[in-house]
Structure formats: C-alpha cells, structure tokens
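# Understanding the architecture of this molecule
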Amino acid sequence: MSQQTTLAVVVPKFSEFVKHLPTVHDLAACNEEALHQLWSGLGYYARARNLNKGAKFIVEQLEGHFPKSYCEWLKIPGCGPYTASVIASICFNEKVACVDGNVVRVVSRLLALSEDVWSSSGKSAIQTHVDQMIPEKRPGDFNQAIMELGATVCRKSKPLCLLCPIKEECLAFAQNCVEICPPKKPRRDTVDVELFALLFWRKAIDAVAIANRTKGFLSNTVGFPLIPATEASELKKVLQSLQHLEFLELPSRFSHSITHHRISGKVLIVQELENPSITTESIPWEKLGLPKSFDWVPTSVIASKLSTALDNKVFKLFKNHILG
Ligand code: SF4
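Since we're looking at a predicted model, the values are computed, not measured.

Thresholds applied
Residues numbered from 1 in each chain as written. Predicted model: local features only at pLDDT ≥ 70, side-chain atom pairs only at ≥ 80, totals over all residues. Heavy atoms only, no water. 1 Å grid on protein atoms, 1.4 Å probe; cavity = no way out; pocket = protein on both sides within 12 Å on 5 of 7 lines; lining within 4 Å. Points joined across faces, edges and corners; volume = space filled by probe spheres on them. Helix = DSSP H or I, 4+ residues; strand = E, 2+ residues; numbered from the N terminus. Patch = residues over 30% accessible without salt bridge, like charges linked within 9 Å, V, L, I, M, F, W, Y side chains within 5 Å. Areas by Shrake-Rupley, 256 points an atom, 1.4 Å probe, with all protein chains shown as cover. Salt bridge = Lys/Arg side-chain N within 4 Å of Asp/Glu carboxyl O. Lys, Arg positive; Asp, Glu negative; His and termini not counted. Charge placed at Lys NZ, Arg CZ, Asp CG, Glu CD. Buried < 20%, exposed > 50% of the residue type's maximum accessible area, 1.4 Å probe, protein only. Axes fitted to C-alpha atoms, helices over the stretch in contact; angles between N-to-C directions. Parallel < 35°, antiparallel > 145°, perpendicular 65-115°, else oblique. Contact = heavy atoms within 4.5 Å. Nonpolar A, V, L, I, M, F, W, Y, C, P; charged D, E, K, R; others polar. Near = heavy atom within 4 Å. Phe/Tyr/Trp six-rings, centres within 6.5 Å; stacked < 30°, edge-to-face > 60°.

### Regarding empty space enclosed by the protein
Within this structure, the stated rule accounts for one cavity of 30 Å³ or more. Put simply, the largest cavity is a space of about 130 Å³. Lining the largest cavity are 15 residues, with Arg-109, Cys-154, Cys-161, Cys-164 and Cys-170 sitting closest to its centre. Considering every element that reaches the lining of the largest cavity, the biggest residue donor is helix H7 (residues 101-110), with three residues.

Next up, the structure:
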C-alpha cells in the first residue's frame, strides 16, 4: 500500500483492510467490489487486484501455505522482485537485497555514482552493489535499515549527513557532491485527458446506475461509465434519438489525477422518463463502448458502493446540482 502512497494515508486504510480481511483466505474470497471499496483513496488499483490474485494462487495452488523463498515468491501472480525480496529477507531471513527508491539514493551517494541509476540497467547495477554489501546475518534488518536510512536521514532533499551513521564511508559526502547525487530522475510528461462520466438516474426510485468498467480508464473497477470526450458527441446523438431518455450536461467539471494522467471531465446525467415503453437495458450500450448491464443503486447508499475517488467526485457534483 505504501508504494507511491504516503503513510499518513496508508495507516488507517491498512488497519481497515486487515480488520476486514485478516487472513489470506479472506483476501482470496473477497469480491472485486468489496476489495475496491477497501482500497478506495489509495489509487493504483492494480495493486489491489494483484493482492487478490496472489491470495487466490496461495489458497488454490498452495493450500493456503505461504512460500518461504525468494524464487518461490516470484511465482506468485503480481509479486515482482522487490516484493519477493522484502518478504524473503524480512520474513524468512533469506540473504537477498531489496532495492527501492530510497536504497538507490543511499547507495548511489555512498559510492558517488554519477551514471543514470534510474534506468533498468542502472537499477540492476545498484542491485549488484547491494547484493555484495548484504550480510549473512540478519539480511532483513540490513534491508530495513538501509531503506529507513534513505527515508529519514539520507533524504532526497536536505539529507542529514552530519547525523548519518555511515558518513565516514560515504564517498559523496567526502567528495562534497551529495546534492548532485544521484542524478535526477527523467520526468515523465503529464498527459491531459478529457472524459465524460455518465450518470444514469431513475428518478422514480431515486437510484443511479453503476457498472463494471471493462476498458479505458479505471478498467475493472465498479463505478459510473466513463467515455473519452472525443466520443461524447456520438453518444449524445444516440441519447437524443431515444424518446424515453433525456440528458443534462452539468456545468461544473471534476478533475482527478491518476499516475501521469491529469483528468478533467464533465458529468452527463441521463434520466429515464416515467413509464418508458423501452428500458435503458434494451439499448445496445456495448456498441458505444459502454458496459452491457448496470446495477441500480439507491442514491442513499451509493457512497458505500463507489470504489474510486473519481466516482465520488462525480456523484458529489450530481448531488450538489440535482439532489441539492
Ligand atoms: S553521509 Fe549524507 S549522503 Fe552519505 S549516506 Fe549519509 S546522509 Fe547520505
């Protein structure tokens, strides 16, 4: 959870997560909707899906027994070299180095490395250096110590060199080049994305429709259908041609960021008129790139069903403009 998310956000979410899913069996049996609910606010939903996949593998293929070595952990779906090395060294005392961003920074300063340490070849060079440093005894403690040193002392900016327990060995400190070591990560360009969120509303029963999004942004999560703004005019044409529906584009926008995507969007409220001769379900939504079927959820409980921060923002706009 704490990969790419701050501890202040993670700690309460983690407590809630383990309260609801205390064992690998609970995690394996957890349905997608409940999982996303527990993960809501943490972002990077692929991590939740991977946890669920890994738990299923352990329960179904390994009879619920956790692997004990780095190589065995690598066979678990969703478990990469970093996670495998953390678990193998800290839980099973295996001598295998963990390399995260903090470790890359500490080692590149310790050895005054000026090459690009962030590329995959740079990281594998760091891995080789740490593999040579890691001791036979207490490898898990070594890994945690070096990660913690990077997080608290050898910080990205304003490192506390005078308090550092390894300053005598540190080449960057000796050569007075700490500030330029390691070289900065190349920045990934932010991509602007324009979306429309579709909010189907059955006023008669005061319910809105959510669906499992099968493609595009936030795919494999449950929420309001999202379509790229470039496809919105086609959709509006179809909606206009349907006598039993009317739609309204809200004037306010929502904005949201996912990894390097900066999303800005509008909400399109689609309302079924009373006593329709055909129903929303009979429309071939999949031809418009939308999910085939929806679940109608009363607006009074929808908040507990929405799994992403973006969906919550969309519903808040609907609530403010329509429900008041
Ligand atoms: S002396 Fe400074 S640069 Fe070197 S490892 Fe310690 S905190 Fe990092």
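That covers the picture; the talk isn't over yet.
### Observations concerning a positive patch on the surface
A contiguous patch of positive charge, built from Lys-123, Lys-156, Lys-184 and Lys-185, is present on the exposed surface. Within the secondary structure, Lys-184 sits in the loop between helix H10 (171-174) and strand S1 (191-202). Accessibility expressed as a relative area gives 79% for Lys-184, which makes it exposed.

### Brief notes about the packing of helix H6 (residues 81-92) against helix H9 (residues 139-152)
Put simply, H6 and H9 touch, their axes get as near as 7 Å, and they point 125 degrees apart. Relative to H9, the element H6 lies oblique. Touching Tyr-82, Ser-89 and Ile-90 of H6 are Pro-139, Gly-140, Asn-143, Gln-144 and Met-147, all from H9. Per-class residue counts for the contact of H6 with H9 are four nonpolar, four polar and no charged.

### Digging into the site of the ligand
Around the ligand, the surrounding shell consists of Arg-109, Cys-154, Cys-161, Cys-164, Ile-166, Lys-167, Cys-170, Phe-173 and Val-178. Taken together, the residues of the shell around the ligand sort by class into seven nonpolar, no polar and two charged.

### Things to note about the packing of aromatic side chains
Applying the stated rule across the entire model yields four aromatic pairs. With a centroid separation of 6.0 Å and 80 degrees between ring planes, the pair formed by Phe-17 and Trp-39 is classed as edge-to-face. Residue Phe-17 is found in helix H1 (residues 7-20), and its partner Trp-39 is found in helix H3 (residues 32-39); the two are separated by 22 residues along the sequence. Note on Trp-39: relative accessible area 1%, which makes it buried. On the basis of an interplanar angle of 75 degrees and a centroid distance of 5.4 Å, the ring pair of Trp-201 and Phe-318 is categorised as edge-to-face.

Shape descriptors only; they carry no functional weight alone.
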